[in-house]
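Structure at a glance
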Amino acid sequence: MKKVVVGAAILDGDGRLLAAQRAEPPELAGGWELPGGKVDPGEDDHTALVRECLEELGVVVAAGTQVGGDWPLTGDYVLRVWLARIIEGEPEAKEHLELRWLTADELFDVAWLPADLPIVRAVQGHLGGI
Ligand code: DCM
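A short tour of the structure in this document, coming up. Everything quoted here is computed from the prediction, not taken from an experiment.

Procedures and definitions
- Residues numbered from 1 in each chain as written.
- Predicted model: local features only at pLDDT ≥ 70, side-chain atom pairs only at ≥ 80, totals over all residues.
- Heavy atoms only, no water.
- Near = heavy atom within 4 Å.
- Polar contact = N/O pair within 3.5 Å; in protein donor to acceptor, adjacent residues only side chain to side chain.
- Areas by Shrake-Rupley, 256 points an atom, 1.4 Å probe, with all protein chains shown as cover.
- Helix = DSSP H or I, 4+ residues; strand = E, 2+ residues; numbered from the N terminus.
- Expected span 1.5 Å × (residues − 1).
- Contact = heavy atoms within 4.5 Å.

With that out of the way, let us pick up the site of the ligand. Taken together, 13 residues surround the ligand, and among them Arg-22, Glu-33, Leu-34, Leu-73 and Asp-116 come closest. One nitrogen or oxygen atom from the main chain of Leu-34 is found 2.8 Å from a nitrogen atom belonging to the ligand. At 3.5 Å, a backbone N or O of Lys-38 approaches an oxygen atom of the ligand. For the ligand, whose accessible area on its own is 450 Å², the fraction buried by protein is 80%.

Structural data, given as structure tokens:
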């Protein structure tokens, strides 16, 4: 079975996307990603997405449309991403170095992780809403 990492392309309804700067591991630290993480054994993707956003950002999200399908990651992992909105809480960097809300003009001002870059390009057309 495929090993799955889920990610949230969190939009603020004002045309901005939430980017999160990784703190670890050393080879990824400083790079920017869509928040998310590994799906636990027996867990479904949606539950993992909500759990990871709560753990990493302290917010409850509602997931909308999936962005593409299985995006390649290193090893046996694939990354699945959904557009999402915050329905409770204000995002805080609980596990990341920093968070940024990026406008359409700023979307590529951060050093996205290689796996995330094509996904952010795919999200570009959806900044208006989900
Ligand atoms: N990952 C990624 N982009 C994301 C989320 C995760 O490239 N938006 C990668 C980084 C790790 C792996 O997936 O190698 C597992 O992520 P985590 O350590 O956050 O569970």
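Moving on to unusual backbone geometry. Looking along the chain, the bond that leaves Glu-24 and enters Pro-25 is cis, with omega of -10°. As for its position among the elements, Pro-25 is in the loop between β2 (17-21) and β3 (32-33).

With 13 residues, helix α1 (residues 45-57) extends 18 Å between its outermost C-alpha atoms, agreeing within 8% with the 18 Å of an ideal straight helix rising 1.5 Å per residue. Regarding α1, its N-cap is Asp-44, as a side-chain oxygen of that residue lies 3.2 Å from the backbone nitrogen of His-46 further along.

By the secondary structure assignment, Arg-100 is in strand β7 (residues 98-102). Measuring from C-alpha to C-alpha, the distance between Arg-100 and Ala-20 comes to 6.5 Å, with 80 residues separating the pair along the chain. Other than its neighbours up to four places away in sequence, Arg-100 contacts Leu-17, Leu-18, Ala-19, Trp-32, Glu-106 and Val-110.

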